Amino acid sequence: MAEERRLQLQSYLQKVGEDPVISVSEIFATLLQNAQQETFKIHPQVIVLEILLADRNKLLIDTHTYDSAERMLSIAAQKIELSRQFLEYIALYLVREDTNGGYTVLRKLNAFELPYVGLWSMQNENSRIMIRKSYLDPMKDRMLLGITAGVLLLYSQAKYELERDWVKPTPNQYRKLKASQEAGKKREFLELMEEVKFYGYQHFEACICDYPEPNCPTSVRVGNNEINCSIQLPSNHITEASFKVNRIRCWRISVQIPLHEEIGLKLSFEYQDSQDLWQWVTIHTHQAFLLGSCLKEISTEKPKLAGNHPEMPSESVAPDCKPRSWNAQSTLSKHIGTVPGKQCKEVARKDEASVFEYIADDQL
């Protein structure tokens, strides 16, 4: 029941955070902050919060249990001497440390959320708060490359991506990257990373996709206007599929309770393939909320071409275009997102109910 309530709250907070009116309203922000404190019975007190960098270095800030993510981000930025004008390029994330020494990004915290409450509600000692860049467009790195704190933040994330093989440099690119690292030239390293395949993408844990066949193990990464999937077919052959975000008409997240299994999440999107045919693609992942926020981020970062396509009314969707039933006993909540200029009506389904030490200029 507690997990069910947590997912319902997570879904609600994401929906509210994406509303352009509510998300900037001080009145609503105060109301939602008070609601979080009352719901989880959090008592006001002074705390020292540990904030991770992407390379697992740590930043300690003095804050309060009732401080919002926006407030804590501001405190962290001040501590690393990052000007407020650059706050829009970074954000706080809820992450989970893994046994292999890495971490899994769970979701980005909205400005009005209380990070302390987010940690407490997870009831997991491996949950952490991390500071990362807030965008998926690598070209925005240029806004932070001119300042020391910005370079260090970007470098911590890029270095981790290279170490975990999240990026795919060519042999020549790899040699240049390692040479820049060994020489301590962080800015040069970041400029080289801009040309590396999958740099700046958000990576997701192994999951299941129903494309091109049902129940295919899949590795998902999102960035550069695409959902990129490395899919293991029943023959054990690995194929790569790229779903361009500007060819996605709409998407939705479902939170469901199977009869005898754990609560599951899935994201489904309606996609126009190379033959101009529309089909639904479903990805089963506990990071569905993060995946949805990435799609939202890309759709606002880049102009969309999908608005030129005629809208497909819900009653004309063929049965085989519907997302497959997951034998759900009930559906807790659903989130529907659309590409700007397009709308998609949902098909009804009966079966779904100081870390930063001084660094000289020649080292950047």
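This section reports on the structure supplied with the text. Here the residue numbering is sequential within each chain, running from 1 through the sequence in written order. With pLDDT at 70 or above as the cut-off, local features in this predicted model cover only qualifying residues; side-chain atom pairs require 80 or more to be listed or tallied, and sums for whole chains, interfaces and linings still use all residues. To obtain the side-chain values, all non-hydrogen atoms of the structure were used and water was disregarded.

### Here's the deal with the packing of aromatic side chains
Here is step 1: Note on ring pairs: Phe, Tyr and Trp rings are taken, using the six-membered ring of Trp, and paired if centres are within 6.5 Å. Classes follow the plane angle, with under 30 degrees stacked, over 60 edge-to-face and the rest tilted. Enumeration according to the criterion identifies 10 aromatic pairs in this entry.
Here is step 2: Measuring from ring centre to ring centre gives 5.1 Å for phenylalanine 243 and tyrosine 271, while their planes differ by 90 degrees; the resulting arrangement is edge-to-face. Highlighted residues: phenylalanine 243 in strand 10 (residues 238-244) and tyrosine 271 in strand 12 (residues 264-272), separated in sequence by 28 residues.
Here is step 3: With a centroid separation of 6.3 Å and 85 degrees between ring planes, the pair formed by phenylalanine 269 and tyrosine 271 is classed as edge-to-face. Each member of the pair, phenylalanine 269 as well as tyrosine 271, is classed as buried.
Here is step 4: Following the ring pairs from residue to residue traces out a cluster consisting of Tyr211, Phe243, Phe269 and Tyr271.
Here is step 5: Its end group placed over the ring of tyrosine 93, arginine 132 keeps NZ or CZ at 5.6 Å from the ring centre. The numbering of helices and of strands both runs from the N terminus, where a helix is a DSSP run of H or I of at least 4 residues and a strand a run of E of at least 2. Each residue gets one of three labels from its accessible area relative to the maximum for its type: buried under 20%, exposed over 50%, partly exposed in between, using a 1.4 Å probe on protein chains only. Only when the NZ of Lys or the CZ of Arg is both within 6 Å of the ring centre and within 35 degrees of the ring normal is a charge said to sit over the ring.

### Side note on helix 6 (residues 171-182)
Here is step 1: The terminal C-alpha atoms of helix 6 lie 17 Å apart, and with 12 residues this matches the ideal 16 Å at 1.5 Å per residue to within 8%.
Here is step 2: Within helix 6, burial applies to Gln173, Leu177, Ser180 and Gln181. Looking down the long axis of helix 6, one finds its buried residues gathered within 100 degrees of arc, a one-sided arrangement. The exposed set on the far side of helix 6, more than 90 degrees from its buried face, consists of Pro171, Arg175 and Glu182.
Here is step 3: Residue contacts are defined here by distance: any two heavy atoms, one from each residue, within 4.5 Å place the two residues in contact. The elements touched by buried residues of helix 6 are helix 5 (148-163) and helix 7 (186-193). Multiplying 1.5 Å by the helix residue count minus one yields the expected span of that helix. Working definition: the arc comes from the directions between the helix axis and the C-beta atoms, pointing outward to the latter.

### Digging into helix 8 (residues 288-301)
Here is step 1: Relative to the 20 Å expected for 14 residues at 1.5 Å per residue, helix 8 spans 20 Å between its end C-alpha atoms, a close match to the ideal helical length.
Here is step 2: Of all 14 residues making up helix 8, 11 are buried, and the element is well covered by its neighbours.
Here is step 3: What helix 8 keeps buried is the set Ala288, Phe289, Leu290, Leu291, Gly292, Cys294, Leu295, Glu297, Ile298, Ser299 and Glu301.

### Details of the sheet that holds strand 3 (residues 90-97)
Here is step 1: If you walk across this open sheet you meet the 5 strands as 2-1-5-3-4, and the pairing is mixed. Two strands in the sheet have a free side with no partner beyond their single neighbour: strand 2 (58-64) and strand 4 (103-108). Geometrically, the sheet is characterised by an average inter-axis angle of 45 degrees between neighbouring strands, direction not taken into account.
Here is step 2: In this analysis, strands are considered paired if DSSP registers two or more bridges between them. With 5 bridges connecting them, strand 3 and strand 4 associate as antiparallel partners. Directly across from leucine 94, in strand 4, lies its bridge partner arginine 107.
Here is step 3: Here an angle of 0 to 180 degrees is reported between the N-to-C directions of two axes, which are lines fitted to C-alpha atoms, with helices fitted over the stretch in contact. Against the sheet, helix 3 (residues 69-79) contacts strand 1 (46-52), strand 2, strand 3 and strand 5 (127-133), and its axis sits at roughly 130 degrees relative to strand 2.

### Regarding unusual backbone geometry
Here is step 1: Cis rather than trans, the peptide bond between tyrosine 211 and proline 212 has omega equal to -5 degrees.
Here is step 2: When you line up the elements, proline 212 lands in the loop between strand 7 (207-209) and strand 8 (216-223).
Here is step 3: Phi angles above zero are rare outside glycine, and asparagine 225 is one such case at about 65 degrees.
Here is step 4: Considering the arrangement of structural elements, one finds asparagine 225 in the loop between strand 8 and strand 9 (226-232).
Here is step 5: Its identity is not glycine, yet asparagine 236 carries a phi of approximately 75 degrees, on the positive side.
Here is step 6: On the secondary structure map, asparagine 236 appears in the loop between strand 9 and strand 10.
Here is step 7: Residue classification places asparagine 236 among the exposed residues on the basis of a relative accessible area of 56%.

### Points about the environment of tyrosine 174
Here is step 1: As for its placement among the helices and strands, tyrosine 174 is situated in helix 6.
Here is step 2: Here tyrosine 174 falls in the partly exposed class, since its relative accessible area comes to 39%.
Here is step 3: Sequence-wise, tyrosine 174 and leucine 162 are 12 residues apart; in three dimensions their C-alpha atoms are separated by 9.1 Å.
Here is step 4: Here tyrosine 174 is in contact with Leu162 and Pro169, once residues within four sequence places are set aside.

### Remarks on the pairing of strand 3
Here is step 1: Burial of strand 3 is extensive: 7 of the 8 residues sit out of reach of the surface.
Here is step 2: Here strand 3 pairs with strand 5 via 7 bridges, running antiparallel. Across the sheet, residue tyrosine 93 finds its bridge partner in strand 5, namely methionine 130.

### Regarding the pattern of salt bridges
Here is step 1: Basic side-chain nitrogens of Lys or Arg form a salt bridge, by our definition, when they fall within 4 Å of a carboxyl oxygen of Asp or Glu. With the rule as written, the count across this model stands at 13 salt bridges.
Here is step 2: Between arginine 142 and glutamate 194 there is a salt bridge; the shortest N-O distance is 2.8 Å. Of this pair, arginine 142 sits in the loop between strand 5 and helix 5 while glutamate 194 sits in the loop between helix 7 and strand 6 (202-203); the two residues are 52 residues apart in sequence, bridging distant segments of the chain.
Here is step 3: By relative accessible area, arginine 142 is classed as partly exposed at 46%.
Here is step 4: On the basis of relative accessible area, glutamate 194 is assigned to the buried category, the value being 16%.
Here is step 5: Among the ionic contacts, a cluster of salt bridges with common partners joins Glu50, Arg56, Lys58, Glu97 and Arg128.

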